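Here are the chains, one letter per residue:
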Amino acid sequence: MKLSKRSCVFFIVVVVLAIVAISAAQTKAPAAKAAQTKVENTDPGLRMKWYDQHMAMKAQTPYKDMKWRFIGPDIIGGRCTDVAVPKGSRTVIYIASAVGGLWKTENTGITWECLTDELPTLSSGDIDIAPSDPNIIYYGTGEANIFRASLAGTGIYKSTDAGKIWQPMGLTGTCTIGRIRIHPANPDIVYVAASGHEWTYNPDRGVYKTTDGGKTWQKVLYINEKIGAIDLVMDPKNPEVLIASMWNRIRQRWSDPVPGGEGLFKTVDGGRTWKPLTNGLPPDKSKISRIGLDLCLSKPNVVYAYVDNHMALRMPKEGELDSYLRLRTYPDIVGAEVYRSDDQGETWKKVSPADRMMERFGGTYGWVFGQIRVDPSDDNTVYLMGLGLYKSTDGAKSFKGLSYEGLHGDHHGLWIDPSDSSYIINVNDGGANISYDGGKTWRDFHKGIPSIQFYNVALDMQKPFTVYGSIQDQGTMRGLGVGPLPPATGRRFRGPVVRWEDAPGGEGTHIAIDPTNPNLIYSSQYYGMVRRSERKNDQWENKNIYPKPAQGEPIYRGQWLAPTVLSPHNPSVIYHGFQYVFRSMDKGETWEKISPDLTYNDPQTQGKLPYAINYAALTAIAESPFKFGVIYAGTDDGRVHVTKNGGETWTGITAGLPYNKHVWTIVASKYDPATVYITLIGRHDDDFAAYVFKSADYGKTWMSIAANLPGGPTNVIREDPKKKDVLYCGTDLGVYVTTDGAKTWNYLGSGLPNAAVWDLQIHPRDNMIVIATNGRGMWVIDDASPVQK
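All figures in this text were calculated on a predicted structure; none of them were measured in a lab.

The rules behind these values
Residues numbered from 1 in each chain as written. Predicted model: local features only at pLDDT ≥ 70, side-chain atom pairs only at ≥ 80, totals over all residues. Heavy atoms only, no water. Helix = DSSP H or I, 4+ residues; strand = E, 2+ residues; numbered from the N terminus. Rg over C-alpha atoms; globule rule 2.2 N^0.38 Å. Contact = heavy atoms within 4.5 Å. Areas by Shrake-Rupley, 256 points an atom, 1.4 Å probe, with all protein chains shown as cover. Lys, Arg positive; Asp, Glu negative; His and termini not counted. Charge placed at Lys NZ, Arg CZ, Asp CG, Glu CD. Core = buried A, V, L, I, M, F, W, Y, C linked by side-chain atoms within 4.5 Å. Buried < 20%, exposed > 50% of the residue type's maximum accessible area, 1.4 Å probe, protein only. Pairing = 2+ DSSP bridges. Polar contact = N/O pair within 3.5 Å; in protein donor to acceptor, adjacent residues only side chain to side chain. Axes fitted to C-alpha atoms, helices over the stretch in contact; angles between N-to-C directions. Phe/Tyr/Trp six-rings, centres within 6.5 Å; stacked < 30°, edge-to-face > 60°. Lys NZ or Arg CZ within 6 Å of the ring centre and 35° of its normal. Expected span 1.5 Å × (residues − 1). pLDDT = per-residue confidence, 0-100. Salt bridge = Lys/Arg side-chain N within 4 Å of Asp/Glu carboxyl O.

## Focus: the overall build of the protein chain
Right, so step 1: Summing up its helical and strand segments, the protein chain has four helices and 56 strands in all.
Right, so step 2: In terms of overall size, the protein chain behaves like a compact globule, its C-alpha atoms giving a radius of gyration of 27 Å where 789 residues would be expected to give roughly 28 Å.
Right, so step 3: When the backbone C-alpha atoms are referred to their principal axes, the protein chain occupies close to 95 × 75 × 55 Å.
Right, so step 4: Considering only contacts within the protein chain whose residues lie at least 6 apart along the sequence, 56% involve residues at least 24 apart.
Right, so step 5: Per element, the accessible surface of the protein chain, about 29,900 Å² overall, is 53% carbon and sulfur.
Right, so step 6: Taking the average place of the 86 positive charges on the side chains of the protein chain and the average place of its 83 negative ones, the gap between the two points comes to 4 Å.

Set out below in structure tokens:
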């Protein structure tokens, strides 16, 4: 058929418009988004099946002789959530670390042992020791504080031999445990405050009771699938009387938990019936967040409640920034309030001052804390935990901050010796501390409890080389002098000492090191800021270099871990991600935006300050080592794109990947120009499946390479630098390796606890494998050659 000139022009225009429409669809893809279904809430039984598979593969690995070795840091600790001491003891202490397991000392902290290395999770919610038998311990897994680095638990575990052996006792689907209370005379009667899933609605929350030592459980207080139990107190003289704190603790990827809960409930018949306690407490539940509880053991009618009150007070000063350098457009709040009841909760009276200190006591995230303790022998001595640790000796009418010398901020637990109130133990974001003078002076325990929460690891090319990593609650550190162990000499040798020190960056930081100059590094920081740092004369010279919006342009959306990478073709070229990909050709002096918004940017997934979390932002960027300008980018809302021309055009390559899962790592292969690997995580949907994929055609099609991996989340994948088809995968239970291109996987090494491995690198020169764990610090295998044969 022959077309006229006008018809040809019309036809060309139609084709061009169609191409533009297809390109736009590939970029925004709203229809594809609407058509997909998000997977949530992995069945608890399936999680335990994966754990059993993991333990079998760990026992049968052909790589047992490859030993994992801890390299630190040994000068800091990590977040801990609870502390318990057997009745009458002054030397035996149990410390529950947030995601590093349960630790025990029998010599007041001189030495420590982790009791839970082989459990399905190292995430700790609460611990309680039977008052009638110090050998009986109940351990509730799943940190109930809401943190971006929290991990889900797998229920309740019980030991009858002081922690040597543990038995699973159910409640696997609760994911987080806020409090455990054991009957003072009968250790078979136990109550559990289960706060439930962190990210999704589920019915496995509320107050549970067992009367047969955990063999069976009855849910005795339940509101709905949103409301969990966060705290619980029991009258030691009449254990049928309990008061529970109920809280809507759900968070979303774009929002911290907003206020709203059900408040306090009381039972006088062992949980058969409950009634709400409201007399004297704030009436507007929509403004109330978490409520912490404690009572005086010697006067159990005296109960204190620590209320996180978000009622607005005043707007901030013009231009005022929050702790993450975001403009404060939200009001100051009432903040921390302490209420006292002298009739076991029937009536309450606010006793704490209304001042600036209490307003800022927990920032805008008082729900992270919620811990209050009453001196067992003095109902007027009260400890309150928030950003700081404070003590009152006048019934909470006034508070004084305790010494910060050797004491880290952000406090989550406290034990007071019932026989000597000057002996106290505090747990916080930096570990555990002990005081023998009521908090005037402190001794730390952190060297024995290495519960350090790394997000990532980067390596330089010095000899010996240096490792860098960002750490939740601690900032960025580097370890100098990393090298393999020397050959056996016939005498005991602990290996080279890695010297740790602070490094540029923050808690949520990606580190990029110039391969030609180990003294030049780039570190992304809170929500997308970037800093260039150069080491000169034993000091860091720092310069903020992040791309800034033009006047009138909205503030860019940067993730907590915003990606910053150097081009493998030229270390002066930097790529950095907000919702756009930015490129600098001159070490960050100038920037150009080389992509459109690569996220879904759904308005319904944008939170409101102060609860908003930056969302719909880039989380991973990788450039092909074969060709400059072939760049892959992935987002926290599950989108993946590729450009083959340096950002002139981008193609959506999300099809074939699981919907709306957080992209954690992308690796452009060094062995084939069209091959790319990706890991995604469903942790933010309480989805623990293994999501690891490979494409051999630049992302046009994807194939799952999870094969026989025992569940996930799969946090990281890396190629071996020396042999094709050797891949390493870090999961929340350890490290797996394949030598056949991911047809089959084997557990890698021996000596590593069941720790969450969030990043992994293989040193290209020294052939050492280095991993960053979320909860147990940094580890190495000295020689990767056994898997390279």
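## Some details on the nonpolar core
Right, so step 1: Counting residues in hydrophobic clusters, the biggest one holds 34 residues, and the most contacted among them are Trp68, Tyr728, Leu748 and Ile769.
Right, so step 2: Taken together, the elements giving at least two residues each to this core come down to β50 (714–719), β51 (727–731), β52 (734–738), β54 (757–762), β55 (769–773) and β56 (778–781).

## Points about the sheet that holds strand β31 (residues 465–471)
Right, so step 1: On the basis of which strands lie adjacent, the open sheet formed by four strands has the order β30-β31-β32-β33 and antiparallel pairing. Strands with a single pairing partner mark the edges of an open sheet, and in this sheet they are β30 (458–459) and β33 (499–502).
Right, so step 2: Where β30 meets β31, two bridges bridge the pair, whose relative direction is antiparallel. Each bridged residue has a counterpart across the sheet, and for Ala458 the counterpart in β31 is Tyr468.

## Focus: the side chain of Thr643
Right, so step 1: By the secondary structure assignment, Thr643 is in strand β44 (residues 640–643).
Right, so step 2: Looking at Thr643, the relative accessible area reads 0%, which means it is buried.
Right, so step 3: A distance of 2.8 Å separates the side chain of Thr643 from the side chain of Asn645, its partner in a polar contact.

## What to know about the sheet that holds strand β35 (residues 520–525)
Right, so step 1: Across the sheet, four strands lie side by side as β34-β35-β36-β37; this open sheet has antiparallel pairing. The sheet is open, and its two edges are formed by β34 (511–513) and β37 (539–544), each paired on a single side. The mean inter-strand angle of the sheet, taken between neighbouring strand axes irrespective of direction, is 25°.
Right, so step 2: Sheet analysis places β35 next to strand β36 (residues 529–536), joined by six bridges and oriented antiparallel. Following the sheet pairing, Ile521 is matched in β36 by Ser533.

## Side note on unusual backbone geometry
Right, so step 1: With omega at 5°, the peptide bond leading from Gly72 into Pro73 counts as cis.
Right, so step 2: One can find Pro73 in the loop between β1 (69–72) and β2 (80–84).
Right, so step 3: Following Lys463, the chain continues into Pro464 via a peptide bond in cis, with omega recorded as -5°.
Right, so step 4: Note on placement: Pro464 falls in the loop between β30 and β31.

## Remarks on the packing of aromatic side chains
Right, so step 1: If you walk through the whole model with that rule in mind, you get 21 aromatic pairs.
Right, so step 2: Consider the rings of Tyr580 and Phe582, whose centres lie 6.2 Å apart with planes at 85°: the pair is edge-to-face.
Right, so step 3: Ring geometry for Tyr736 against Tyr747: centres 5.5 Å apart, planes inclined by 85°, an arrangement best described as edge-to-face. Separated by 11 residues along the polypeptide, Tyr736 in strand β52 and Tyr747 in strand β53 (residues 746–747) bring together distant segments of the chain.
Right, so step 4: Overall, Tyr747 belongs to the buried group, its relative accessible area being 0%.
Right, so step 5: Through a chain of ring-to-ring contacts, the aromatic side chains of Tyr556, Phe578, Tyr580 and Phe582 assemble into a single cluster.
Right, so step 6: A cation over a ring is seen here: Lys219 above Tyr222, with NZ or CZ 4.1 Å from the ring centre.
Right, so step 7: One Lys or Arg, Lys593, reaches over the ring of Tyr580 and ends 4.0 Å from the middle of that ring.

## Focus on the environment of Tyr139
Right, so step 1: Structurally, Tyr139 is set in strand β7 (residues 137–141).
Right, so step 2: One polar contact links Tyr139 to Ser124, side chain to side chain, over a distance of 2.6 Å.

## What to know about the side chain of Ser451
Right, so step 1: Looking at the secondary structure, you find Ser451 in the loop between β29 (443–444) and β30.
Right, so step 2: Among the residues examined, Ser451 registers a relative accessible area of 2% and is labelled buried.
Right, so step 3: A polar contact is formed between the side chain of Ser451 and the backbone oxygen of Gly78, at a distance of 3.5 Å.
Right, so step 4: Once residues within four sequence positions are removed from consideration, Ser451 is found in contact with Gly78, Arg79, Cys80, Ser97, Gly100 and Gly775.

## Things to note about the pairing of β55
Right, so step 1: For β55, the buried fraction is high: five of the five residues fall into the buried class.
Right, so step 2: Both faces of β55 are covered, namely the face carrying Ile769, Ile771 and Thr773 and the face carrying Val770 and Ala772.
Right, so step 3: Pairing between β54 and β55: five bridges, direction antiparallel. Note on β55: the bridge partner recorded for Val757 is Thr773.

## A short note on helix α3 (residues 44–60)
Right, so step 1: The terminal C-alpha atoms of α3, which comprises 17 residues, lie 25 Å apart, in line with the 24 Å expected from a rise of 1.5 Å per residue.
Right, so step 2: Where the residues of α3 are buried, they touch β8 (156–159), β52 and β53.

## Section: the confidence of the model for the protein chain
Right, so step 1: For the protein chain, per-residue confidence averages 92 on the pLDDT scale, and 94% of positions sit at 70 or higher.
Right, so step 2: Predicted confidence for residues 1–35 stays below pLDDT 50, and this span has 21 contacts to residues more than four positions away or in other chains.

## Some points on the pattern of salt bridges
Right, so step 1: Tallying each qualifying case throughout the model produces 44 salt bridges.
Right, so step 2: Ionic pairing is found between Arg314 and Glu359, a salt bridge with its closest N-O pair at 2.8 Å. Within this pair, whereas Arg314 is found in strand β19 (residues 299–314), its partner Glu359 is found in helix α4 (residues 356–359), the two being separated by 45 residues in sequence.
Right, so step 3: Note that Arg683 is salt-bridged to Asp732, the shortest N-O span being 2.9 Å.

## Describing the pairing of β51
Right, so step 1: Burial analysis of β51 places five of its five residues in the buried class, the great majority of the element.
Right, so step 2: With burial as the criterion, each face of β51 is covered, one bearing Leu727, Cys729 and Thr731 and the other bearing Tyr728 and Gly730.
Right, so step 3: Where β50 meets β51, five bridges bridge the pair, whose relative direction is antiparallel. Bridging across to β51, Val716 finds its partner in Gly730.
Right, so step 4: Here β51 hands over to β52 after two residues, the two strands then running antiparallel side by side.

## Remarks on the environment of Gly634
Right, so step 1: Examined against the element boundaries, Gly634 turns out to sit in strand β43 (residues 631–635).
Right, so step 2: A C-alpha to C-alpha distance of 6.5 Å links Gly634 and Ile621, two positions 13 residues apart in sequence.
Right, so step 3: Sequence-distant contacts of Gly634, that is, excluding residues within four places in its chain, are made with Leu618, Thr619, Ala620, Arg639, Val640, Val663 and Ile666.

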